[in-house]
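Chain by chain, the residues:
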Amino acid sequence: MQSSAVSLQEIVDSALESHLGKIGALLPVLYSIQDKLGHVPRQAVPMIARAMSLSRAEIHGVMSFYHDFRSEPAGENIIHLCRAEACQAMGARKLEQHVIRRLGIGFGETTADGLVSLEPVYCLGNCACTPSIRVNDDIHARVTAQKFDEIMDCLEAKS
Amino acid sequence: MALRIFVPRDATACALGADEVADSISKGAKGRGTDVEVIRNGSRGAVWLEPLLEIQTDAGRVAFGPVAPGDVPGLFEAGFPGEADHPLSLGPVDEIPWLARQQRLTFVRAGLGDPLSLENYQALDGFKGLERALALEPQAIVDEITESGLRGRGGAAFPTGIKWQTVLDAESDGENHQKYIVCNADEGDSGTFADRLLMESDPYQLIEGMIIAGLAVGASEGFIYLRSEYPHCRKALEEVISRAEQAAYLGDNICGSGKAFRIDLRIGAGAYICGEETSLLESLEGKRGMIRFKPPLPAVKGLMGLPTVVNNVLSLAAVSTVLAKGAAAYRDFGTGRSRGTLTVQLGGNIKRGGLVELPLGATVRELLEDFGGGTASGRPARAIQVGGPLGTYLPESQWDVALDYEALAGIGAMLGHGGVVVFDDTVDMAQQARFAMEFCAGESCGKCTPCRVGSVRGLEVIDRVIAGREREFNLALLDDLCSTMIDGSLCAMGGLTPYPVRSALEYFPEDFSR
């Protein structure tokens, strides 16, 4: 445990070094840590607080306000399923039921094998070829239940 | 000389397989010994034809689309990239009616070349507006914008010139009298993707507009606040900012003028409310995206309490056109008080969706039928939501309304950011009304009670209506709640959420009593 605590401090320090002094540095600092670790561990909060002269409550307040910040590790892959109107118009509600059945988890949860975290998203800007999902940084268009299964088969094969 | 083949690189084209298409073309050409240069251009916005492949010929560019990765071997067999008689052949790209009927100002360069190439932008008359602005006094630049009649494209349609004048006139008590330019690239409205397309297909235009804004109001620092849901955009912007810095369009000495302007790209974190300008400023300052009371306006006390221009992506992009072509040329597009062009994003259940740029004033029906070609499902269209998730659902009886700010306001609707989302007759409008409240409950910043609590209660009341419990009583309660949200909310989130709800109730009452 000692060694991981040291490396966390190093990650936090490097994030602070890159962004401290900028206007509104907190979000870039949090992102920088999350980009490396997949989440912002709770132990990082007092370290950031001390360096930025903020209270831990302020940092918790910011992290909990935004959907993108995580306190717990995410799955190996993050799937964002669009729930907004342009996707609804092409069957996103049905797709959502299928996705939840196939993964066996709900929004904000991670599969038991750690392969996938499922998150809702409200628009990926891909509204003329819906329904859309985002798998990590890739957007997929006109996603049907079958196409989703193919994407999942591919992720499973890769892991 | 290598034959030039264009395959778009934007998020939508890639979502439809453009990377794989580009890859198969390179491999296929190599296998046949054909000398081919594959250029990843921006998208023209004809989403229904994506991936839209173009070949440079002596007579101009010819197009094929939509080309799925599996279509490429067949194309080669038909003679591609030479004369190819193939079902996907579209002929000269400029003669595709869907594109030819548009009148593009802001999106005129989209799709023409590699959007990340600064040389390509310069060759297509880029930075002409900046050149002119560098020779003008700040007041003269602001006057040009005011005279052009440009109105904010983010949704509120506020005259850009008036906003800039306020910032120019405001005294900054910051260090070195700092003022800021903030680009609102938090395009969260569902059904809208024009900002994304511009940033991926012609990103230097935004950079140019921001520099001009900085020169106009005396700001040397700019921020782009981009939503995290746009990873392709992020890569494009990082690249063009870096290239513009290297070419001295950004930095301490813009084009040798002695004037400074820098751009910092910031990524949002998945909060819809941060598209509201004061919430965005709080977020840029590293705080929770809680909206601020207005006044003071951001133009007077914005980022870090200093005078700040907050403009949408398309507004800032249009600035470069206004300066390059002159205020009068821009103003003479459009109808009545709605100047310039309208960038409609046709989405949802639509056969031929994508980005349509026209002078303001086309009707909803023209868009649906002439451009859209009806629904994708082939079933009758039933409801069209105009203006994003806070926009009104229009029934067929209202589709002859012109898409401009005044005409839509006249029927209690709004243009917003130009999103047009089509639903066919399988839509359950009670569920759509319910979703509007659910979305508001999830995304409210929580500062004011009508929005924070009203949306949760609204959801409960709609559920009781749908369940048929004390229907008349609950409908009256819902109407009363909607009035409270409209009149009592601090910003558009709570203030406009009742619009989709009320329009669903007014025009589609049968869906609430099943």
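Residues numbered from 1 in each chain as written. Chains lettered and ligands numbered in written order. Predicted model: local features only at pLDDT ≥ 70, side-chain atom pairs only at ≥ 80, totals over all residues.

A. Inspection of the overall build of chain B at higher detail. Looking only at helices and strands, one finds 21 helices and 16 strands in chain B. In terms of overall dimensions, chain B is globule-like: its C-alpha atoms have a radius of gyration of 24 Å, near the 24 Å expected for 514 residues. Projected onto its principal axes, the C-alpha coordinates of chain B cover approximately 75 × 60 × 40 Å. Here chain B holds 514 residues, and the buried ones make up 57% of them. Taking the intrachain contacts of chain B between residues at least 6 apart in sequence as the baseline, contacts between residues at least 24 apart amount to 71%. (Helix = DSSP H or I, 4+ residues; strand = E, 2+ residues; numbered from the N terminus. Rg over C-alpha atoms; globule rule 2.2 N^0.38 Å. Buried ≥ 20, exposed ≤ 12 C-beta atoms within 10 Å, placed from the backbone. Contact = placed C-beta atoms within 7 Å.)

B. Summary view of the confidence of the model for chain B. Mean pLDDT over chain B works out to 95, with 98% of the residues at or above the 70 mark. Predicted as a complex, the structure gets a pTM of 0.97 and an ipTM equal to 0.96. (pLDDT = per-residue confidence, 0-100.)

C. The domain arrangement of chain B, seen in detail. All names here are of chain B. In terms of domain boundaries, chain B breaks down into domain 1 (3-100), domain 2 (118-331), domain 3 (334-424) and domain 4 (429-512). Taking only C-alpha atoms into account, the centre of domain 1 sits 34 Å from that of domain 2. With six residues of domain 1 at the interface, the matching set in domain 2 holds six residues. (Domains from an automatic or database assignment.)

D. Summary view of the packing of helix α3 (residues 44-52) of chain A against helix α4 (residues 56-65) of chain A. Residues and elements named next belong to chain A. At their nearest, the axes of α3 and α4 sit 9 Å apart, and the two run at 115° to each other. The crossing of α3 and α4 is right-handed. Of α4, the residues touching α3 (which contributes V45, P46, I48 and A49) are R56, I59 and H60. Class assignment for the residues of the contact of α3 with α4 results in five nonpolar, one polar and one charged. (Axes fitted to C-alpha atoms, helices over the stretch in contact; angles between N-to-C directions. Left-handed = near helix turned anticlockwise from the far one by under 90°. Nonpolar A, V, L, I, M, F, W, Y, C, P; charged D, E, K, R; others polar.)

E. Summary view of the domain arrangement of chain A. As far as domains go, chain A holds domain 1 (2-65) and domain 2 (77-158). Inter-centroid distance (C-alpha atoms) of domain 1 of chain A to domain 2 of chain A is 30 Å.

F. Representation of the nonpolar core in the model. All names here are of chain B. If you look at the biggest cluster of nonpolar residues, it comprises 206 residues, and the most contacted ones within it are V182, C183, I207, I212 and I384. With 10 residues, helix α10 (residues 203-217) is the single largest residue contributor to this core. Ignoring anything within four residues of it in the chain, the contact list for C183 reads L206, M210, G222, F223, I224, Y225, N311, V313 and L316. (Core = buried A, V, L, I, M, F, W, Y, C linked by C-beta atoms within 7 Å.)

G. A look at the sheet that holds strand β2 (residues 36-39) of chain B. Residue and element names in this part refer to chain B. Strand order in the open sheet formed by five strands is β2-β1-β3-β4-β5, with mixed pairing between adjacent strands. In this open sheet, the two strands that pair with only one neighbour each are β2 and β5 (89-92). Each strand of the sheet is rotated relative to its neighbour by a mean of 25°, with strand direction disregarded. With three bridges joining them, strand β4 (residues 60-64) and β5 adopt antiparallel strand pairing. Bridged to F64 within β5 is S89. (Pairing = 2+ DSSP bridges.)

H. Expanded view of the packing of α10(B) against helix α11 (residues 231-246) of chain B. All names here are of chain B. Put simply, α10 and α11 touch, their axes get as near as 10 Å, and they point 55° apart. Between α10 and α11, the crossing angle belongs to the class labelled oblique. The hand of the α10/α11 crossing is right-handed. Facing P203, Y204 and I207 of α10, the residues of α11 in contact are A236, L237, V240, I241 and A244. (Parallel < 35°, antiparallel > 145°, perpendicular 65-115°, else oblique.)

I. Geometry of the interface of chain A and chain B. Residue-level contacts link 33 residues of chain A with 47 residues of chain B. Those elements giving two or more residues to the side of chain A that touches chain B turn out to be α2 (26-37), α4, α5 (85-88) and β5 (138-140) of chain A. Split by residue class, the side of chain A that touches chain B holds 22 nonpolar, eight polar and three charged.

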